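The residues making up each chain are set out below.
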Amino acid sequence: MKAKIDRLWNMFWSGGLSNPLTAIEQMSYLIFMKRLEDLDNANRQRAQARNENHKSVFTGHDECRWSNWKHMNAEEMYKHVSEVVFPFIKNLHNGEEVLYARYMSDATFMIPKSSLVQEAVSIIDEIETADKPDIQGDIYEHLLGELKTAGKNGQFRTPRHIIRMIVELVEPDIGQKVCDPACGTGGFLIAAYQYILRRYTTPDMVKADPDGTPHNLIGDRIVKKEHWKLLWNETFYGFDFEVTMIRIALMNMILHGITKPNIEQRDTLSKRFAQKPTYDIVLANPPFAGYVDRADINDDFKLETTKTELLFLELFYNLLTVGGRAAVIVPNGVLFGSSNAHVKARKLLLEKCDLQAVVSMPSGVFQPYSGVGTAVLVFVKGGETDKVWFYDMKADGYSLDQRRDFIDGKGDIVDLLTKFRKGRAESGNSILVKLETIKKNGYNLSIARYKEVKQDEAEYEEPEVLIEKLSKLEKEISAGLDELKKSI
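Residues numbered from 1 in each chain as written. Predicted model: local features only at pLDDT ≥ 70, side-chain atom pairs only at ≥ 80, totals over all residues. Heavy atoms only, no water.

(A) Spatial organisation of the packing of aromatic side chains. On inspection of all chains with the given rule, the structure shows 14 aromatic pairs. Judged by centre distance (5.4 Å) and plane angle (35°), the rings of Phe390 and Tyr450 are tilted. Here the residue Phe390 occupies a position in strand β10 (residues 387-392), and Tyr450 occupies one in the loop between α16 (435-440) and α17 (463-487), the gap between them amounting to 60 residues. Exposure class is identical for Phe390 and Tyr450. Each is buried. When the ring of Tyr398 is compared with that of Phe406, the centres are 5.5 Å apart and the planes differ by 80°; the resulting orientation is edge-to-face. Grouping aromatic residues by their ring pairs yields a cluster made of Tyr29, Tyr78, Phe86 and Phe109. (Phe/Tyr/Trp six-rings, centres within 6.5 Å; stacked < 30°, edge-to-face > 60°. Helix = DSSP H or I, 4+ residues; strand = E, 2+ residues; numbered from the N terminus. Buried < 20%, exposed > 50% of the residue type's maximum accessible area, 1.4 Å probe, protein only.)

(B) Here's a closer look at the pattern of salt bridges. Tallied over the entire structure, the rule returns 23 salt bridges. With its nearest N and O atoms 2.9 Å apart, the salt bridge here joins Arg65 to Asp62. Among the ionic pairs, Lys439 bridges to Glu351, the shortest N-O distance being 4.0 Å. Here Lys439 is found in helix α16, whereas its partner Glu351 is found in helix α14 (residues 340-351), with 88 residues between them in sequence. If you follow the salt bridges from partner to partner, you end up with Glu37, Asp40, Asp62 and Arg65 in one network. (Salt bridge = Lys/Arg side-chain N within 4 Å of Asp/Glu carboxyl O.)

(C) Spotlight on the sheet that holds strand β9 (residues 374-381). In spatial order, the strands read β5-β4-β1-β6-β7-β9-β8-β10-β11; together these nine strands make up an open sheet with mixed pairing. Two strands bound the open sheet, and with one partner strand each, they are β5 (262-265) and β11 (430-434). Going from strand to strand, the sheet's axes swing by 15° on average, the running direction of each strand aside. Taken together, the five bridges between β10 and β11 define a ladder with antiparallel strand orientation. Across the sheet, the residue bridging to Trp389 is Leu432, located in β11. Along the sheet, helix α12 (residues 308-319) makes contact with β1 (178-180), β6 (279-284), β7 (320-331), β8 (353-361) and β9, crossing β7 at roughly 160°. (Pairing = 2+ DSSP bridges. Axes fitted to C-alpha atoms, helices over the stretch in contact; angles between N-to-C directions. Contact = heavy atoms within 4.5 Å.)

(D) Fine view of the state of the cysteines. Applying the stated criterion across every chain, the model contains zero disulfides. With no disulfide of its own, Cys179 has Cys183 as its nearest cysteine by sulfur position, at a separation of 8.5 Å. According to the relative accessible area criterion, Cys179 is buried, its value standing at 0%. (Disulfide = S-S within 2.5 Å.)

(E) How the structure looks around a nonpolar patch on the surface. On the surface, Leu470, Leu473, Ile477, Leu481, Leu484 and Ile488 cluster together into a nonpolar patch covering about 670 Å² of accessible area. Mapped onto the secondary structure, Leu470 falls in helix α17. (Patch = residues over 30% accessible without salt bridge, like charges linked within 9 Å, V, L, I, M, F, W, Y side chains within 5 Å. Areas by Shrake-Rupley, 256 points an atom, 1.4 Å probe, with all protein chains shown as cover.)

(F) Expanded view of the pairing of β9. The element β9 is extensively covered by neighbouring structure, given that eight of its eight residues are classed as buried. The side-chain alternation of β9 yields two buried faces, one formed by Thr374, Val376, Val378 and Val380 and the other by Ala375, Leu377, Phe379 and Lys381. Bridge analysis of β8 against β9 gives eight bridges, and the strand direction is antiparallel. The residue bridging Val358 from the neighbouring strand is Leu377, located in β9.

So this is what it looks like as structure tokens:
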């Protein structure tokens, strides 16, 4: 499957769609066209089983069904898709497709060649979804791996194994509201959904790739319809300011099985976003390098700064209910920055939250986008911190250079999760530090400030022995010089 998608990717590239985000967006439209008929067929079968009437999204538009045009010749298919099918999916206003249609209103079909459309349709049609319902989501994730450059505001794709690690630190469950206020392509929300499904899938049924990607997450232990409805409709919430990201996130989540994702285009730092304590879990890797126009900053912020990484930190706090948990990625500067805003942000985490963990990640984790050093903060809103657990993560299972070659896909992650769950155990790479100690150190949250550096005791010979050895060496050097003079 990956080989087929790579071939398609190369065709898009050589066909003129060299921007990865544009190429992925255009592929997503074709994938959605196929998925729409798959979903409609599944809904019809469910309705028949319940003796209910089924209202098809294709009523009056039967010519838009994938099965009715996938065998057309290249020129006919290109004309039909661009002039009939694409406008149809842009204007869907039926049930689960409404939100997607809203953000599709100004979308443009940009695949330049008829041969490219035909080849793409052929490849997408070959991929069966019956036995692996999340395979189309996997296609998406594979394509997203081609996003090799950071966005202009410092946003970039978080590696999936790091996302899974972060989700496991907060353990989401059915009945909780999970939010990512800088959701990008929806990676954290999908990982949270998969974590919940895995939790309720018979272990023998779950399959996993060598890199840890889970498959066959059917959730067979979720037996109540209202629990499925809750999971699909009222669990996952995401916001992003780029409409292209919103489209991709919506598509990504629909293809992973979340049929009614709550993904909206919002600048969550601006005055136009309502910061209410609504969510039980916040997961995020917000943009690091951006600055916000001071005039547009939300009035709910108490931190006096325009740096996005600090504003997002306060935003996470504001969005959580009391007792809600967050696991978020921040640049290392947040841990030890000396400005008033930096210190105030750390005080917020330590004095108004239970800051449970600071996980320092190796600087190569975000290669090839950036070599910036980052950390994961895990905190619970409310109360005050007693002790902070610091973990120094040296490896993540991939090489830490530009290539990011697969090693074992695990690195220190298993050790980290095991120690965190076992009462935040201390070891050679993890320590517990009391709040009083952190306060005395200017609220510094860098592990380097607290980790003892063990010096190996050096053993030296007695002075008399050293002098004797030096004298012997001196005689040897002198003899060597005499021989050199004679040869000259």
